[in-house]
Amino acid sequence: MLPTTSARTPRSLIPFSVVAVDAIDRAAMNSRLHYLGMAARTAEPMWKLAVLTCMDARLDVHAMLGLRPGDAHVIRNAGGRATSDAIRALAISQAVLGTREVMVIHHTECAVGRFSQHELAERIARATGQAINEDFGTFTDPIEALKEDVGRLRLSPHLAHREKIRGFMYELATSKLSEV
Ligand SMILES: [Zn+2]
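Basis of the calculations
- Residues numbered from 1 in each chain as written.
- Predicted model: local features only at pLDDT ≥ 70, side-chain atom pairs only at ≥ 80, totals over all residues.
- Helix = DSSP H or I, 4+ residues; strand = E, 2+ residues; numbered from the N terminus.
- Buried ≥ 20, exposed ≤ 12 C-beta atoms within 10 Å, placed from the backbone.
- Contact = placed C-beta atoms within 7 Å.
- Core = buried A, V, L, I, M, F, W, Y, C linked by C-beta atoms within 7 Å.
- pLDDT = per-residue confidence, 0-100.
- Pairing = 2+ DSSP bridges.
- Axes fitted to C-alpha atoms, helices over the stretch in contact; angles between N-to-C directions.

Considerations on the overall build of the chain
Along the backbone of the chain there are eight helices and five strands. Element order for the chain, N to C, with α for helix and β for strand: α-α-α-β-α-β-α-β-α-α-α-β-β. In the chain, which comprises 180 residues, the share counted as buried stands at 22%. Considering only contacts within the chain whose residues lie at least 6 apart along the sequence, 67% involve residues at least 24 apart.

Written out as structure tokens, the structure is:
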């Protein structure tokens, strides 16, 4: 018979959580909770939370915040800017679907901070052959841009709940989220 882990390692040296729940048991339990969560899921986000963030492909918002399906609204655009479109989504999120808090997350190395309004318009025009006259929400100071977006949401008359609107910066290099 092959020696088991517990036969080779004194039990007192094994962390309690490892003894109590095997990884497989934990995974099976999570799947069960996930199933229950699916069954109980409603259109209203469970956490009553809406997140406004950038479309950057490197940001795994759900993993970063520990969100599961049904927990929160995640609204994304280039830069995570508080555009009229984003505000429209947040207005519905709050008034119709019951969210109460807004988390705005910008990040380092954002393309909207690297290109100018003119550069973006020119690149799109060159690619399509059509002139474009849209505000791309470009910025030079990422912290100021984040503060601007949080401020715009706090002042929006279309948001029913403006007491808990907070801004965060996500640093890609360190995977660190800091409140601004
Ligand atoms: Zn970005």
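From this point on, the discussion continues.
What to know about the nonpolar core
Of all hydrophobic cores here, the largest spans 24 residues; its most connected members are Ala50, Val51, Leu52, Leu90, Val102, Val104 and Leu153. Within the residue set of this core, elements represented by two or more residues are strand S1 (49-54), strand S2 (72-77), helix H5 (84-95), strand S3 (101-107), helix H8 (142-155) and strand S4 (164-171).

Examining unusual backbone geometry
Of note in the backbone geometry, lysine 48 takes a positive phi value of approximately 55° without being a glycine. With respect to the element layout, lysine 48 can be found in the loop between helix H3 (23-40) and S1. Notably, serine 175 is not glycine yet its phi reads approximately 60°, a positive angle. Within the secondary structure layout, serine 175 lies in the loop between S4 and strand S5 (176-179).

Overview of the confidence of the model for the chain
Of all residues in the chain, 86% attain a pLDDT of 70 or more, and the chain-wide mean is 88. Predicted confidence is poor over residues 1-7, with pLDDT under 50, and the contacts of this stretch with residues over four places away or in other chains come to two contacts.

Comments concerning the sheet that holds S4
Strand order in this open sheet of five strands is S2-S1-S3-S4-S5, and the pairing throughout is mixed. In this open sheet, the two edge strands, each paired with only one partner strand, are S2 and S5. Averaged over neighbouring strand pairs, the angle between their axes works out to 25° when direction is ignored. Relative to S4, S3 is paired through seven bridges, and the arrangement is parallel. Across the sheet, valine 104 pairs through a bridge with glycine 167, a residue of S4. Its contacts with the sheet put H8 on S3 and S4, and the angle it makes with S4 is roughly 160°.

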